[in-house]
Amino acid sequence: MDHLLSIITFLPLVGALAVFASPGATARWLALGVSGLTFLLSVPLWFLYDPAGTGLEGWHTMQLVEGPYPWIADLGISYMVGIDGIALLLVLLTTLLTPIVIYSSFSSVHEKVSQYMGFMLVLETGMLGAFVALDTFLFYVFWELMLIPMYFIIGIWGGPNRIYAAVKFFIYTVVGSLLMLVAILALYFFHHAQQGFWSASILDLYHVVLPYRTEFWLFIAFALAFAIKVPMFPVHTWLPDAHVQAPTGGSVILAGVLLKLGTFGFLRYAMPLFPQATHELGPVIAGLAAIGIVYGALVAMVQDDIKKLVAYSSVSHMGVVMLGLFSFNTEGVSGSVYQMLNHGLSTGALFLLVGIIYERRHTRLIAEYGGLATAVPKFSVVMLIVTFSSIGLPGLNGFIGEALSLLGSFHAHPVATVVGTSGVIFGAVYMLWMVQRVIFGPLTNQANKELTDLTGREILYLAPILALIFVMGLAPRPFLQVMEPSVDRVLQQVNREVDLLAVTESAAHSGDAVRGAHGGER
Amino acid sequence: MFDPGELNFIGPEIAVFVFALLVLVHDVMFKQRNATISMGVSLMGLATAAVLNLLNMQAVDVPREAFAGAMAVDGFGFFLNFIVLLAAAGALLISHDFLRRIDVDVPEFNPLVLFVAFGMMLMGSANDLILLFISLEVMSLGVYVLCGINRGELASAEAALKYFVMGAFASGFLLMGIAFVYGGIGSTRISAVAQWFAIEGNGIAGNPLIGVGVALLLVGFGFKVAAAPFHMWTPDVYQGAPTPVTAFMATGVKAAAFAALSRVLLVALLGQNLEFHTALWLIAAGTILMGNIGALVQDDLKRMLAYSSIGHAGYLLMALVGAPAAGLADNPRLGGILFYLLAYTVMTVGAFAVLSFFTRDGVEDTRISRLGGLADRHPAVALALSICLLSLAGVPPTMGFVGKFYLFAAAIEGGAIGIAVVGAIGGAIGIYYYLRPIVVMYMHPEPADRVELAMNPAALGVLGVATVAVLVFGLVPGSLIEVAQDSLLSLAAWGGV
């Protein structure tokens, strides 16, 4: 299995072709089979990846590397994939959530089924590719490839305002990524000027040393693309629209995986590539993250639509992840990665649950519900557990991630962390208040009395998430152990001492090759 | 002086010309002309030219002059010939059924397309401004007629008149520019201009004749490639002309004009003078923004593509802004210009093939709303059009993306980060309007008064080939890019830059 990563990445795409061509009923099972097989194939990654082992020279945490196989030779672009401990966990999250989403869509998607299932599989390839790519060009291709299926999923199977939401989602993401493309290209030329050979591999590009001013602008270009994806305040406004309009499956993938690509992008690209700018702008980003936490929580509190509430809670939760990332220490970043997984699981589960009752009642208004605990006890229990996970109750997964992120970030940005932590308290408030209004209280609405409880199929696809919520809450050690060496290696890069003399010298060098990059047009 | 062996170098041009005459004779000789034979002979002419061009390409390793220096025999010209031949073939195939439907039965159509292609091919290889002007006129006169070929249609006649008046005006500018340059330098050879500039102390500054000449040349070319602020004619003409003609104009005319402009700029002018560089920067930025913003508000797909074609000219100019003063070899990424011209031709012809299906009672109806529900009725056509549009928008993994990537690379490698940022903004705007037809196809219901699509095998074939090419060269562009880069670098043989 020399090419396990590539097989995992492209299997869904190949499956998608078959799914597109088959009729609806077959397409469902075929898609489930393909995504299930992808998951099964990805499980061995956990065992093949050795946190303490040796990978690439200088990057021992980068393992299962394939390539580089030349692709566009004259710019040094090649096909190269590999994973570190962080990407490993996110790959597993993706391969786990996709079959769950596909299985859950059996009952919610009835029109153009084969297209929906096909797009889901294409989307999976896009996400996996973005996580495993070690070549910046390859990463960019996958990054954009994700957009197209998601755009169709929102635009065709979404709610009443779906087209607006789909276009907004696409435009926001593209604006950021086009500027990032310009920055990626600039990096190639700097790398060539300094090292004398062309390479698009991220591991080579890490060696580029830039004058501060240039680094600042390139960081901005990268950070904007990723901040939109996270989404960070104030470029988060596409998210509530996209989440609310998207079909359940789309929302789960969006919250579960797509947003993680933003934070993953910071960790893999923006921060280690531009250490000076990262440290310089760290407080600003931490501040925005803290604002996002509080703002997201406050807006979530006043929503009357459950799905919108969950959507805004994502803004809040991802703020915690960002705070952790910009702590620049092991606890903070590990917690942050942990929190990415938690958010993927708990918010994904919340969206699934919202989808489940929406399928039955065709409304998501909180006021329409109440007293579900007596009507649908199984549903209510699951909802409670997921809610507790989401607000970080000790013993469940959310606590570990949140605590570590905030602990780490307190060392770096005490004020922002204090503000952010208060937002976490608000988080408990709006979630519990929502649960109180939906699940508890008197069962007055006649329609709610006739609700059917979770079916076997629904329990089946929720079970893995619930299990992980407990496992990751009670035994975080294995997960942290897998990622820690990788986190340390990245931090080593982020916190590296920049040799100022080298910067000045290379500025003179690169000034020849990339004229005017730090001084306007020639 | 005249060496008959040099006729080899214009073999492709001769082939197209001779076949054009054959078709013309056939079409006027028989009262009931056989449209299929006429089409077949025309395509054979293009195929013959392509083969001859390929042979020339393999035979000529080192760029050389021909016909006493009037013509440059180099990879740049060969590459352009392929683009022109593809564009002509695409236009002919699309037109086959289309002309019957809009009830235009003129024997001149096919020969005119071939004559125009003949002019375009010469344009790409012209090393003399006079030859350049003449071939440009050969091309333009044919296109004026083609625009108005649907005489019964007011819009078509208007397009022809508009294009003719504006085009004649622009030709005047170009000719004046040539005259001024000749006055200043004493030669109309492009390579001679380059050599003149290479002499220490010679430059635009202090030589008003040259300055005025260059400015006039830029205006003339700006008009032909539809660069801002000389782009005003484009939307009306593109919309009014019959769809196959528009496809030919958007691809072939643009490619030929851009090739001539690139040759003049890269060989003779770029890297000489700061003021001139600023002018190019402003034209590029204006073109990118005008084209993309204009396209935002169009409800007619054909008109939208017209505006977007202005935007694409802008991206190409963006790459030229990054041309190095030190020598072409400094920035091999400029080969992206040729790659992009080819990519643009392929994806645009694909999109226009679909547009040609939309006629109602002999009248074109290309409003975007007409596309409603296309994904349900004809999923394959909708998918192919989506791929072409996404490629135009520059979304990976398509040929359009790789091409645009190289244009950005050329600009950035040349240090022109500012214009690259403008290009990125333009690209983001582009995404919005290119998504609109896709939204309508996949997410809107059919219009109530829908008409059956006039699908025909020829145009479907064009669409299929274009779609496959867009994907294949989007995924494995390597070898094609190398050819494009080598072809562009062949310009370095002419001195100057």
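This text follows the structure it describes.
Student: Summarise the overall build of chain B; cite the residues concerned and give the values.
Tutor: A tally of regular secondary structure across chain B gives 19 helices and 4 strands. Rg of the C-alpha trace for chain B: 21 Å, near the compact-globule value of 23 Å for 497 residues, within the 12% margin. Taking the principal axes of the C-alpha coordinates as reference, chain B spans close to 70 × 55 × 40 Å. Looking at chain B residue by residue over its 497 residues, the buried ones come to 65%. Across chain B, every contact between residues at least 6 apart in sequence was considered, and the portion connecting residues at least 24 apart equals 82%. If you sum the accessible surface of chain B, you get close to 16,100 Å²; carbon and sulfur atoms cover 69% of it. For chain B, the centre of its 21 positive side-chain charges and the centre of its 31 negative side-chain charges are spaced 8 Å apart.

Student: Which residues make up a nonpolar patch on the surface, and what values go with them?
Tutor: A surface patch of nonpolar side chains, about 430 Å² in accessible area, is lined by Phe2, Leu7, Ile14, Val18 and Leu22 of chain B. Locating Phe2 of chain B in the fold gives a position in the segment before α1 (11–29).

Student: A description of the nonpolar core should follow, citing residues and the corresponding values.
Tutor: Counting residues in hydrophobic clusters, the biggest one holds 398 residues, and the most contacted among them are Tyr151, Phe222 and Phe266 of chain A together with Tyr163, Met249 and Phe405 of chain B. Excluding anything up to four places from it in sequence, Tyr163 of chain B contacts Val143, Tyr144, Cys147, Ala168, Phe223, Lys224, Trp233, Val237, Met249 and Val253 of chain B.

Student: Which residues make up the side chain of Ser356 of chain B, and what are the values?
Tutor: Assignment of secondary structure puts Ser356 of chain B in the loop between α13 (336–355) and β3 (359–360). Those residues in contact with Ser356 of chain B that sit more than four places away from it in its chain are Ile94, Phe98, Arg101, Thr243 and Ala459 of chain B.

Student: Account for the layout of surface pockets, with residues named and values stated.
Tutor: As a volume, the largest pocket reaches approximately 1,100 Å³. Contributing to the lining of the largest pocket are 34 residues, with Leu13, Val122 and Leu145 of chain A together with Ile387 and Leu471 of chain B lying nearest its centre. Top element by residues in the lining of the largest pocket is helix α15 (residues 379–393) of chain B. It accounts for 7 residues. In the lining of the largest pocket, the residues fall into 30 nonpolar, 4 polar and no charged.

Student: Mind laying out the side chain of Ser316 of chain A, listing which residues take part and the relevant values?
Tutor: Residue and element names in this part refer to chain A. Among the secondary structure elements, Ser316 is positioned in helix α13 (residues 306–325). Among the residues examined, Ser316 registers a relative accessible area of 4% and is labelled buried. Excluding its chain neighbours within four sequence positions, the residues that come into contact with Ser316 are Gly292, Ile293, Gly296, Ala297 and Tyr430.

Student: Please set out the pairing of strand β1 (residues 63–72) of chain A residue by residue, giving values where relevant.
Tutor: Residue and element names in this part refer to chain A. Bridge count between β1 and strand β2 (residues 77–83): 5 bridges; the pairing is antiparallel. Within the sheet, the bridge partner assigned to Ile72 lies in β2 and is Ile77. Hairpin remark: β1 followed by β2, antiparallel, with 4 residues in the connecting loop; positive phi at Gly76, about 70 degrees.

Student: Would you mind going over the environment of Gly177 of chain B in detail, with residue names and values included?
Tutor: Residue and element names in this part refer to chain B. In this structure, Gly177 sits in helix α6 (residues 154–185). With relative accessibility at 0%, the residue Gly177 sits in the buried group. Between the C-alpha atoms of Gly177 and Gly213, which are 36 residues apart in sequence, the distance is 4.0 Å. The contact partners of Gly177, leaving out residues within four places of it in the chain, are Gly213, Leu216 and Leu217.

Student: Can you explain unusual backbone geometry? Please cite residues and give values.
Tutor: Keep in mind that most residues, glycine aside, have a negative phi and that most peptide bonds are trans. Here Val230 of chain A and Pro231 of chain A are connected by a cis peptide whose omega angle stands at -10 degrees. Its location among the elements puts Pro231 of chain A in the loop between α9 (212–229) and α10 (238–245). A cis amide bond links Pro396 of chain B with the next residue in sequence, Pro397 of chain B, at an omega value of 0 degrees. Along the polypeptide, Pro397 of chain B turns up in the loop between α15 and α16 (399–413). One non-glycine residue, His362 of chain A, lies in positive phi territory at about 55 degrees.

Student: Break down helix α17 (residues 397–412) of chain A for me, with residues and values.
Tutor: All names here are of chain A. The terminal C-alpha atoms of α17 lie 24 Å apart, and with 16 residues this matches the ideal 22 Å at 1.5 Å per residue to within 8%. Taken together, the buried positions of α17 are Asn397, Gly398, Ile400, Gly401, Glu402, Leu404, Ser405, Leu406, Gly408 and Ser409. Along its buried surface, α17 packs onto α13, α14 (330–361), α16 (377–391), α18 (414–439), α20 (456–474) and α21 (477–494).

Rules used throughout
Residues numbered from 1 in each chain as written. Chains lettered and ligands numbered in written order. Predicted model: local features only at pLDDT ≥ 70, side-chain atom pairs only at ≥ 80, totals over all residues. Heavy atoms only, no water. Helix = DSSP H or I, 4+ residues; strand = E, 2+ residues; numbered from the N terminus. Rg over C-alpha atoms; globule rule 2.2 N^0.38 Å. Buried < 20%, exposed > 50% of the residue type's maximum accessible area, 1.4 Å probe, protein only. Contact = heavy atoms within 4.5 Å. Areas by Shrake-Rupley, 256 points an atom, 1.4 Å probe, with all protein chains shown as cover. Lys, Arg positive; Asp, Glu negative; His and termini not counted. Charge placed at Lys NZ, Arg CZ, Asp CG, Glu CD. Patch = residues over 30% accessible without salt bridge, like charges linked within 9 Å, V, L, I, M, F, W, Y side chains within 5 Å. Salt bridge = Lys/Arg side-chain N within 4 Å of Asp/Glu carboxyl O. Core = buried A, V, L, I, M, F, W, Y, C linked by side-chain atoms within 4.5 Å. 1 Å grid on protein atoms, 1.4 Å probe; cavity = no way out; pocket = protein on both sides within 12 Å on 5 of 7 lines; lining within 4 Å. Points joined across faces, edges and corners; volume = space filled by probe spheres on them. Nonpolar A, V, L, I, M, F, W, Y, C, P; charged D, E, K, R; others polar. Pairing = 2+ DSSP bridges. Expected span 1.5 Å × (residues − 1).

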